[in-house]
Amino acid sequence: GHIGVARAPVDAVIYAASLGTTYPWEKYNEGAWTPGIGGQSSPLGLWPFIVHGDAAQSTFNGRYYLAGWLPYDFQQAGGGNPAEVIIFSSCDGINWTEALRFAQSTDPDVQIRYVSLVNSDGSDNGIVGENMYLYLVHRDTGFSPPNTEVRRYSLTALNAPCAPGCG
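Every value quoted in this text rests on a predicted model; they were computed, and no experiment measured them.

Caption draft 1: Summary view of the sheet that holds strand β1 (residues 6-7). Overall, antiparallel pairing links the 3 strands, which are arranged β1-β2-β3 in an open sheet. At either margin of the open sheet sits one strand with a lone partner, and together these are β1 and β3 (32-35).

Take a look at the structure:
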């Protein structure tokens, strides 16, 4: 498995659902869009990034954001790399660059999960403005019972605006 990209026009998907049918999705594969069911997809190259997270598009700069986490226990032995939240940014939803890393922990008992991007007004519909919140579950299994809390971070839209016609 890998992280890939699929698409379908939202209006067409909703219309097909109202008729009790489905609309065909497409997957991005090596520069072309292929049939979704049974089609191949190109990996986005974000592994071992974990996408038990969220994605959103900014109305401020047109960029897409993909938020997830990288667990400490996926790092190579002795590497000392922390568990952390990573946010990637893209103008087209296919080519991604790292925009931000934070909420780091080198404690193997700390787990970071369920990363979510939310607009600054509290709405969570995949659309954010210039300012947004990132929520995550921070769980420390070194306690009995484990200490679990939801943390919120304020973020400002990351990276420069997308070029005209991009995304």
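Moving on from the model shown.
Caption draft 2: Examining the layout of surface pockets more closely. Its boundaries defined by the atoms lining it, the largest pocket holds a volume of some 380 Å³. In terms of lining, the largest pocket is formed by 15 residues, of which the most central are V5, A6, Y64, D92 and G93. Within the residue set of the lining of the largest pocket, elements represented by two or more residues are β1, β4 (50-58) and β5 (64-70). A total of 3 residues in the lining of the largest pocket trace back to one element, the largest contributor, which is β5. Along the lines of polarity and charge, the residues of the lining of the largest pocket split into 10 nonpolar, 3 polar and 2 charged.

Caption draft 3: Quick look at the sheet that holds strand β11 (residues 147-156). The strand order β8-β10-β11 describes an open sheet built from 3 strands, whose pairing is antiparallel. The open sheet has two free edges, formed respectively by β8 (110-119) and β11, since each of these has just one partner strand. Mean inter-strand twist for the sheet, computed between neighbouring axes without regard to direction, equals 20 degrees. Relative to strand β10 (residues 131-140), β8 is paired through 8 bridges, and the arrangement is antiparallel. Residue pairing in the sheet places L117 in a bridge with L134 of β10.

Caption draft 4: Here's a closer look at the confidence of the model for the protein chain. Across the protein chain, the average pLDDT comes to 83, with 87% of residues at or above 70. Model confidence for the protein chain, summarised as mean pLDDT per element, is weakest for β4 at 82 and strongest for helix α1 (residues 10-18) at 95.

Caption draft 5: Examining the environment of R113 more closely. Summarising the element assignment, R113 is placed in strand β8. Residue classification places R113 among the partly exposed residues on the basis of a relative accessible area of 24%. Distance in space between the C-alpha atoms of R113 and P71 is 9.0 Å, their sequence separation being 42 residues. Filtering out sequence-adjacent residues up to four positions away, R113 remains in contact with W69, L136 and V137.

Caption draft 6: Region of the structure containing the pattern of salt bridges. One pass over the full model with this rule turns up 4 salt bridges. Here E98 and R101 are joined by a salt bridge, their closest N and O atoms 2.7 Å apart. On the basis of relative accessibility, which here comes to 39%, the residue E98 falls in the partly exposed class. For R101, a relative accessible area of 37% gives the class partly exposed. One salt bridge connects E149 with R151, and the closest N-O pair in it is separated by 2.5 Å. Through salt bridges that share partners, E84, E98 and R101 make up one connected network.

Cut-offs applied
Residues numbered from 1 in each chain as written. Predicted model: local features only at pLDDT ≥ 70, side-chain atom pairs only at ≥ 80, totals over all residues. Heavy atoms only, no water. Pairing = 2+ DSSP bridges. Helix = DSSP H or I, 4+ residues; strand = E, 2+ residues; numbered from the N terminus. 1 Å grid on protein atoms, 1.4 Å probe; cavity = no way out; pocket = protein on both sides within 12 Å on 5 of 7 lines; lining within 4 Å. Points joined across faces, edges and corners; volume = space filled by probe spheres on them. Nonpolar A, V, L, I, M, F, W, Y, C, P; charged D, E, K, R; others polar. Axes fitted to C-alpha atoms, helices over the stretch in contact; angles between N-to-C directions. pLDDT = per-residue confidence, 0-100. Buried < 20%, exposed > 50% of the residue type's maximum accessible area, 1.4 Å probe, protein only. Contact = heavy atoms within 4.5 Å. Salt bridge = Lys/Arg side-chain N within 4 Å of Asp/Glu carboxyl O.

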